[in-house]
Amino acid sequence: MALVTALRRLALVRLRECSRRTAAVTSGAWLTGQRSFTTGTQSLRSDNKVTVNFINRDGEKITVKGSPGDSLLDLVINEDLDFDGFGACEGTLACSTCHLIFDEDVYKSLGRVTDEEMDMLDLAYGLTDTSRLGCQICLTKSLDGIVARVPESVADIRQSKDGSS
Amino acid sequence: RWTTFSICSPKVCIVGSGPAGFYTAQHLIKVDIYERLPVPFGLVRFGVAPDHPEVKNVINTFTLTARNSRCSFYGNVNVGKDVSIEELQQAYHAVVLSYGAEGNRRMGVPGEDLAGVYSAKDFVGWYNGLPSCQELSPDLNCETAVILGQGNVALDVARILLAPTDILKKTDITQPALEALVQSQVRRVLIVGRRGPMQVACTIKEFREMVNLPDTRPEMMADDFEGVKEALKDLPRPRKRLTELMMKTALEIPSEKEQERQSKASRVWAFRFLRSPIEILANPDNSRTVGIRLAVNRLEGSGDGARAVPTGEVEDVTCGLLISSIGYKSLPIDPSVPFDSHKAIVPNNMGRVQHTAGLYCSGWLKTGPTGVIATTMNNSFDTARSVVEDMESGTVDVSAARPGSQSISGLLEERGVKPVTFSNWEKIDSLEMSRGEASGKPREKLLTVEEMLQHLTWTELILYTLKGNPMFFIMDAIINKLLQCKSIQMV
């Protein structure tokens, strides 16, 4: 799916370009809402970074580093990780597409879940007891080395089960 | 495998530019999108409630897709009228139908067409600026409104009817709708369902919004929740949490602070369960509705599969406004396209239309009108995958070149149809946003097709002057070009 990846990357790169450009374009900018995606965090020293291991839908492990304060969704966007449809509402707690699954001990260390996040999680495919939304988890040094699994979409599961819709 | 695929350049088109259309397009390499209206995004623009701007953020991704040189948008083209499905099939290797569900299920009871009775689809279209619904001008000069149906659309309508207009005036709700709501006399909204609390179709986010809606208080009936607590433990988490929240709202004594808030509230909302419409009641001269006669039901069975069975008892409710929100419905587009009129969908297998190679469907037309945007996203990605798989496997023959938009553009020109491009939409978009800015709204939508098209004839020059900086366009073009090169390398 190389071209699909390319298109997605292109979209993401464009997205970041655009969010940078909006500052310069005051009126008529196509962005209607405030982007919650952070853009660059290069100023922080690398030893301050938090390592996160994502397991994508193919079971592949992707290790990236993010800055404390960034959300896991920010990290996916900043690192151009190709998780289909991830973060559709752009981190505004209006969808469940940045659903991630954690090991129980990690889940416990992620802190309290608000009712509003639980409400959106209830609509997520493949909901587990240790599910969270990536947009609601901010990186801290104590989360260094965590593993976050991107769940399969329902369609994938269904497809492998009976091959029909 | 993808290299050969892109060399023979298969031509794909999509009918409808709502979320299903755009999410399908996102996974296709070269695609043309046809849209009946001059403006894109379907239900994101015309369905999503104005007070849910976050949900509309998906537009940003759609815009990126549409701006890409691999995607072309042809608005103002009515497929089925301006150009036929058959003509599209001849011009393209694959045609994806994602035109959604523009019809609505009818209650099928006497009085359905009385004044004061509206479908939720039209009511939503009215406050969201759908051109075909602008004549609706619903009469809100009554105290009680009854909404039939307990899904998220029903709750959207209830919220819009009850929300303080100070909140609504900061949204992209249309000005005529806002003015009507400011004058509205509606103080009480009953949300009626034929089954029980454990079968409601709404999701918890929308229910919680009702609970927290300023200047309103709930009036649930405690009796409705008899025996529900015992059934809770076996429910899956989403249903369990929703039911718990409803029970809490109906049964628990609120905190002192909440009690104070509720006592000051000027408006009331309530769920009514186990009631089906029998007849809409008219005033003496039969000119408008004054109420509804409901059958009292009991449940047979339990859980999602429980059936509502009438007990024989009836109940009349007085109301001056009645909105039926019992579901959207897809309509057939062309006799040549298979259509299951019972389920109101195009029969398909993973988006492949039955017995018709090269024809696909996605979104509500594929699944029926249920689910949130993520549901549509996944099912549209699936359809796109099917398209790609079929082209790779040869199920759809892409060896012979097809003319694509070239021949369709010719046909449209002959027929006097002038398509609206995406950059033209962006001009409408800019105008709407600058009009909105003037009144403290994110957008003031243009409300008729004529107005949208008229705007495009004189806007070019003015907009250019407004934006002021020609460098913006030059830079944009250069960045576009550079990024294209980059992506080709990545392939």
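Owing to the predicted nature of the structure, the values given are computational and were not obtained by experimental measurement. (Residues numbered from 1 in each chain as written. Chains lettered and ligands numbered in written order. Predicted model: local features only at pLDDT ≥ 70, side-chain atom pairs only at ≥ 80, totals over all residues. Heavy atoms only, no water.)

A.B. asks: Got a minute to help me understand the UniProt feature "binding site: NADP(+)" (unreviewed entry) in chain B in this structure?
C.D. replies: Residues and elements named next belong to chain B. Under the UniProt annotation, "binding site: NADP(+)" (unreviewed entry) lies at Gln150, Gly151, Asn152, Val153, Arg194, Arg195, Glu206 and Gly371. Structurally, the position occupied by Arg194 is in the loop between strand E8 (188-192) and helix H10 (204-212). Discounting chain neighbours no more than four positions away, the residues touching Arg194 are Leu274, Arg275, Ser276, Asn297 and Ala308. The residue Gly371 is located in the loop between helix H14 (364-367) and helix H15 (373-393) in this model. In this structure Gly371 comes out as partly exposed when scored by relative accessible area, which is 47%. (UniProt positions renumbered as here; feature names shortened; annotations may be inferred. Helix = DSSP H or I, 4+ residues; strand = E, 2+ residues; numbered from the N terminus. Contact = heavy atoms within 4.5 Å. Buried < 20%, exposed > 50% of the residue type's maximum accessible area, 1.4 Å probe, protein only.)

A.B. asks: Is there a simple way to think about the UniProt feature "binding site: FAD" (unreviewed entry) in chain B in this case?
C.D. replies: Residues and elements named next belong to chain B. Sites flagged by UniProt as "binding site: FAD" (unreviewed entry) map to Ala20, Glu35, Leu43, Val79, Trp364, Gly371, Val372 and Ile373. Over a stretch of 354 residues, the named residues are scattered through the fold, their C-alpha atoms separated by up to 25.8 Å. Looking at where Ala20 falls in the secondary structure, it is placed in helix H2 (residues 19-25). Given a relative accessible area of 8%, Ala20 falls into the buried group. Ala20 has contacts with Ser98, Ser362, Gly363, Thr376 and Ser380, leaving out every residue within four places of it along the chain. Within the secondary structure, Val372 sits in the loop between H14 and H15.

A.B. asks: Would you mind going over empty space enclosed by the protein with me for this structure?
C.D. replies: Over the atoms, a rolled probe matching the size of one water molecule traces out where space is still vacant. Taken as a whole and assessed by the stated rule, the structure comprises seven cavities of 30 Å³ or more. When its volume is computed, the largest cavity comes out at roughly 160 Å³. Lining of the largest cavity is provided by 15 residues; of these, Arg57(A), Ser96(A), Thr97(A), Tyr125(A) and Asn378(B) occupy positions nearest its centre. A per-element tally of the lining of the largest cavity places H15(B) first, with three residues. (1 Å grid on protein atoms, 1.4 Å probe; cavity = no way out; pocket = protein on both sides within 12 Å on 5 of 7 lines; lining within 4 Å. Points joined across faces, edges and corners; volume = space filled by probe spheres on them.)

A.B. asks: How should I be thinking about the nonpolar core in this particular structure?
C.D. replies: One broad rule of soluble globular proteins: the nonpolar side chains tend to lie buried together. Residue and element names in this part refer to chain B. Ranked by size, the top nonpolar core spans 53 residues in total, and within it Leu161, Phe207 and Phe271 carry the most contacts. In terms of residue count, the dominant contributor to this core is helix H7 (residues 152-162) (seven residues). Residue contacts for Phe271: discarding those within four places in its chain leaves Gln150, Leu155, Ile191, Val200, Cys202, Phe207, Met220 and Asp224. If you look at the next biggest cluster of nonpolar residues, it comprises 45 residues, including Ile14, Tyr23, Val420 and Leu431. (Core = buried A, V, L, I, M, F, W, Y, C linked by side-chain atoms within 4.5 Å.)

A.B. asks: Teacher, can you tell me more about the packing of H10(B) against helix H12 (residues 237-251) of chain B here?
C.D. replies: If you want to describe how two helices pack, look at the angle between their axes and the distance between the axes. Residues and elements named next belong to chain B. Contact geometry of H10 with H12 gives a least axis separation of 10 Å together with a crossing angle of 15 degrees. Judged by the inter-axis angle, H10 sits roughly parallel to H12. Between H10 and H12 lies a crossing whose hand is left-handed. Residue-level inspection shows Ile204, Phe207, Arg208 and Val211 of H10 in contact with H12, the latter providing Arg241, Leu242, Leu245, Met246 and Thr249. (Axes fitted to C-alpha atoms, helices over the stretch in contact; angles between N-to-C directions. Parallel < 35°, antiparallel > 145°, perpendicular 65-115°, else oblique. Left-handed = near helix turned anticlockwise from the far one by under 90°.)

A.B. asks: What is the right way to look at the pattern of salt bridges in this model?
C.D. replies: Two side chains carrying opposite charge are able to pair once their charged atoms lie near each other. Under the criterion given, the structure shown has 39 salt bridges over all chains. The salt bridge partner of Arg298(B) is Glu300(B), with a shortest N-O separation of 3.6 Å. A residue is classified by how much of its surface remains accessible, and Arg298(B), at 40% relative accessible area, is partly exposed. Judged by relative accessible area, which is 35%, Glu300(B) ranks as partly exposed. Put simply, Asp115(A), Asp119(A), Asp122(A), Arg208(B), Arg237(B) and Arg241(B) are held in one network by salt bridges that share partners. (Salt bridge = Lys/Arg side-chain N within 4 Å of Asp/Glu carboxyl O.)

A.B. asks: What is the right way to read the packing of aromatic side chains from this model?
C.D. replies: Two aromatic rings are characterised by how far apart their centres lie and by the angle between their planes. Residues and elements named next belong to chain B. Under the defined criterion, the tally for this structure stands at 20 aromatic pairs over all chains. Each ring, one from Trp269 and one from Phe271, has its centre 6.1 Å from the other, and the planes form 70 degrees; the classification is edge-to-face. Both residues of the pair, Trp269 and Phe271, count as buried. An aromatic cluster is built from Phe22, Tyr23, Phe41, Phe62, Phe73, Phe381, Phe422 and Trp425, whose rings are joined through pairwise contacts. (Phe/Tyr/Trp six-rings, centres within 6.5 Å; stacked < 30°, edge-to-face > 60°.)

A.B. asks: Hey, could you run me through the domain arrangement of chain B in this one?
C.D. replies: Many analyses report the size of an interface as the accessible area lost when the parts associate. Residue and element names in this part refer to chain B. Once the domains are mapped, chain B shows domain 1 (12-102 + 330-416), domain 2 (104-328) and domain 3 (420-491). The gap between the C-alpha centroids of domain 1 and domain 2 is 33 Å. Contacts between the two partners involve 17 residues from domain 1, matched on the other side by 19 residues from domain 2. Across the domain 1 to domain 2 interface the summed buried area is about 1,400 Å²; carbon plus sulfur atoms make up 57%. Inspection of the domain 1/domain 2 interface yields three salt bridges. For Asp172, the salt bridge goes to Lys56, with nearest N and O atoms at 3.0 Å. Put simply, domain 1 and domain 2 have eight residue pairs in polar contact (both at pLDDT 80 or more) between them. Partitioning the side of domain 1 that touches domain 2 into residue classes produces nine nonpolar, three polar and five charged. (Domains from an automatic or database assignment. Buried area = accessible area lost by both parts, 1.4 Å probe. Polar contact = N/O pair within 3.5 Å; in protein donor to acceptor, adjacent residues only side chain to side chain. Nonpolar A, V, L, I, M, F, W, Y, C, P; charged D, E, K, R; others polar.)

A.B. asks: Got a minute to help me understand the sheet that holds strand E14 (residues 321-324) of chain B in this structure?
C.D. replies: Residue and element names in this part refer to chain B. Ordered in space as E6-E14-E7-E8-E10-E9, the six strands form an open sheet in which the pairing is parallel. Each edge of the open sheet carries a strand with a single partner, namely strand E6 (117-119) and strand E9 (216-218). The sheet shows a mean angle of 20 degrees between the axes of neighbouring strands, taken without regard to direction. Relative to E14, E6 runs parallel, the two being bridged by three bridges. By the bridge assignment, Ser119 is partnered in E14 with Ser324. (Pairing = 2+ DSSP bridges.)

A.B. asks: How do you make sense of the sheet that holds strand E13 (residues 307-318) of chain B when you look at a structure like this?
C.D. replies: Strand pairing in a sheet is mediated by backbone hydrogen bonds. Such pairs are either parallel or antiparallel. All names here are of chain B. Within the open sheet, the three strands sit side by side as E11-E12-E13. Their pairing is antiparallel. What marks the edges here is a single partner per strand, and that holds for strand E11 (275-282) and E13. Taking each pair of neighbouring strands and ignoring which way they run, the sheet shows an average axis angle of 20 degrees. Pairing analysis gives seven bridges linking E11 to strand E12 (residues 289-300), with the strands arranged antiparallel. Paired with Ser276 across the strands is Ala295, a residue of E12.

A.B. asks: Is there a simple way to think about the confidence of the model for chain A in this case?
C.D. replies: Low-confidence regions, as indicated by low pLDDT, have predicted coordinates that should not be scrutinised in detail. Residues and elements named next belong to chain A. On average, residues of chain A carry a pLDDT of 74, and 64% of them reach 70 or more. In this model, residues 1-44 is a region of pLDDT below 50 whose contacts with residues beyond four sequence positions or in other chains number 100 contacts. Per-residue pLDDT stays below 50 along residues 154-165; that stretch engages in 20 contacts with residues further than four places along the chain or on separate chains. (pLDDT = per-residue confidence, 0-100.)

A.B. asks: Where do I start with the environment of Ser153(A) in this structure?
C.D. replies: On the secondary structure map, Ser153(A) appears in the loop between strand E5 (146-149) and helix H5 (154-162). Look at Ser153(A) and you get buried, because its relative accessible area is 7%. A sequence separation of 80 residues divides Ser153(A) from Leu73(A), and the C-alpha atoms of the two residues are 17 Å apart. If we ignore the near neighbours within four places in the chain, the residues touching Ser153(A) are Arg57(A) and Asn378(B).

A.B. asks: What is the right way to look at the pairing of E12(B) in this model?
C.D. replies: Moving residue by residue along a regular strand, the side chains alternate between the two faces of the sheet. Residues and elements named next belong to chain B. Hairpin connection, E11 to E12: the antiparallel pair is bridged by six residues, and Asn286 has positive phi, about 60 degrees. Pairing geometry for E12 and E13, over nine bridges, is antiparallel. Residue Glu300 lies in a different strand from E13, and its bridge partner there is Arg307. Connecting E12 to the antiparallel partner E13 that follows it, the hairpin turn spans six residues, and Gly301 within it adopts a positive phi of roughly 85 degrees.

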